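Per-entry structural report
Listed below, chain by chain, are the residues.
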Amino acid sequence: LYEDRINELFEAWLVEKNFTVEQAKVLRLIKAQYIARRHPIDATIFEEPMFRALGGLNRVLQIFGEDELKSTLIELNQNVFVK
(Lines give C-alpha, C1' and ligand atoms only; values in the text may rest on other atoms or scores of the structure.)
Protein backbone atom coordinates (compact mmCIF):
# COMPACT_ATOMS: atom_id res chain seq x y z
CA LEU A 1 0.00 0.00 0.00
CA TYR A 2 1.15 3.52 -0.82
CA GLU A 3 0.41 4.82 2.67
CA ASP A 4 2.43 2.01 4.27
CA ARG A 5 5.39 2.76 2.01
CA ILE A 6 5.34 6.47 2.90
CA ASN A 7 5.02 5.62 6.61
CA GLU A 8 8.03 3.29 6.41
CA LEU A 9 10.13 5.82 4.50
CA PHE A 10 9.12 8.57 6.91
CA GLU A 11 9.88 6.61 10.08
CA ALA A 12 13.27 5.45 8.71
CA TRP A 13 14.10 9.06 7.79
CA LEU A 14 12.93 10.41 11.16
CA VAL A 15 15.10 7.95 13.12
CA GLU A 16 18.19 9.33 11.36
CA LYS A 17 17.36 12.88 12.43
CA ASN A 18 17.68 14.70 15.72
CA PHE A 19 14.32 16.47 15.91
CA THR A 20 12.68 17.56 19.14
CA VAL A 21 9.41 15.96 20.23
CA GLU A 22 7.53 19.09 19.13
CA GLN A 23 9.23 19.07 15.71
CA ALA A 24 8.44 15.37 15.26
CA LYS A 25 4.78 16.06 16.08
CA VAL A 26 4.60 18.72 13.35
CA LEU A 27 6.40 16.44 10.89
CA ARG A 28 3.91 13.64 11.51
CA LEU A 29 1.07 16.07 10.75
CA ILE A 30 2.88 17.08 7.55
CA LYS A 31 3.22 13.41 6.60
CA ALA A 32 -0.50 12.84 7.21
CA GLN A 33 -1.34 15.78 4.96
CA TYR A 34 0.98 14.48 2.26
CA ILE A 35 -0.68 11.06 2.35
CA ALA A 36 -4.09 12.74 2.03
CA ARG A 37 -3.01 15.08 -0.79
CA ARG A 38 -0.30 13.10 -2.56
CA HIS A 39 1.51 16.12 -3.92
CA PRO A 40 4.64 17.96 -2.73
CA ILE A 41 4.36 19.90 0.49
CA ASP A 42 5.20 23.60 0.75
CA ALA A 43 4.63 26.35 3.33
CA THR A 44 0.99 26.83 2.27
CA ILE A 45 0.17 23.63 4.17
CA PHE A 46 0.43 25.63 7.39
CA GLU A 47 -2.75 27.49 6.41
CA GLU A 48 -4.71 24.24 6.84
CA PRO A 49 -7.01 24.11 9.91
CA MET A 50 -4.96 21.42 11.68
CA PHE A 51 -1.90 23.68 11.58
CA ARG A 52 -3.78 26.89 12.29
CA ALA A 53 -4.99 25.22 15.49
CA LEU A 54 -1.33 24.90 16.49
CA GLY A 55 -0.56 28.52 15.62
CA GLY A 56 0.00 28.24 11.87
CA LEU A 57 3.16 29.10 10.01
CA ASN A 58 4.36 31.50 12.72
CA ARG A 59 4.34 28.73 15.33
CA VAL A 60 5.99 26.24 13.00
CA LEU A 61 8.72 28.80 12.28
CA GLN A 62 9.27 29.19 16.04
CA ILE A 63 9.60 25.41 16.36
CA PHE A 64 11.98 24.93 13.42
CA GLY A 65 13.42 28.24 12.31
CA GLU A 66 13.06 29.36 8.71
CA ASP A 67 16.16 27.69 7.26
CA GLU A 68 15.58 24.36 8.98
CA LEU A 69 11.92 24.33 7.95
CA LYS A 70 12.81 25.01 4.31
CA SER A 71 15.51 22.36 4.20
CA THR A 72 13.32 19.82 6.00
CA LEU A 73 10.42 20.30 3.57
CA ILE A 74 12.78 19.96 0.61
CA GLU A 75 14.29 16.79 2.06
CA LEU A 76 10.87 15.29 2.79
CA ASN A 77 9.65 16.02 -0.74
CA GLN A 78 12.80 14.59 -2.35
CA ASN A 79 13.53 11.57 -0.16
CA VAL A 80 10.36 10.53 1.65
CA PHE A 81 7.32 11.74 -0.27
CA VAL A 82 8.03 9.84 -3.45
CA LYS A 83 5.53 8.37 -5.87
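In this text the structure is predicted, and so the values were computed from the model without any measurement.

**Concerning the packing of aromatic side chains**
As enumerated under the stated definition, the model contains 6 aromatic pairs in all. Measuring from ring centre to ring centre gives 6.5 Å for Tyr-2 and Tyr-34, while their planes differ by 40°; the resulting arrangement is tilted. You can see Tyr-2 sitting in helix 1 (residues 2-16) and its partner Tyr-34 sitting in helix 2 (residues 21-37), a full 32 residues away along the chain. Judged by relative accessible area, Tyr-2 falls into the buried class, the value being 19%.

**Observations concerning helix 5 (residues 66-80)**
With 15 residues, helix 5 extends 20 Å between its outermost C-alpha atoms, agreeing within 8% with the 21 Å of an ideal straight helix rising 1.5 Å per residue. Turning to helix 5, its buried residues are Leu-69, Thr-72, Leu-73, Leu-76, Asn-77 and Val-80. Here the buried residues of helix 5 occupy an arc of 125° about the axis, which is enough to place them on one side. Of the residues in helix 5, the exposed ones pointing more than 90 degrees away from the buried face are Asp-67 and Gln-78. Buried-residue contacts for helix 5 involve helix 1, helix 2 and helix 4 (56-64).

What counts as what
Residues numbered from 1 in each chain as written. Predicted model: local features only at pLDDT ≥ 70, side-chain atom pairs only at ≥ 80, totals over all residues. Heavy atoms only, no water. Phe/Tyr/Trp six-rings, centres within 6.5 Å; stacked < 30°, edge-to-face > 60°. Helix = DSSP H or I, 4+ residues; strand = E, 2+ residues; numbered from the N terminus. Buried < 20%, exposed > 50% of the residue type's maximum accessible area, 1.4 Å probe, protein only. Expected span 1.5 Å × (residues − 1). Arc of directions from axis to C-beta. Contact = heavy atoms within 4.5 Å.

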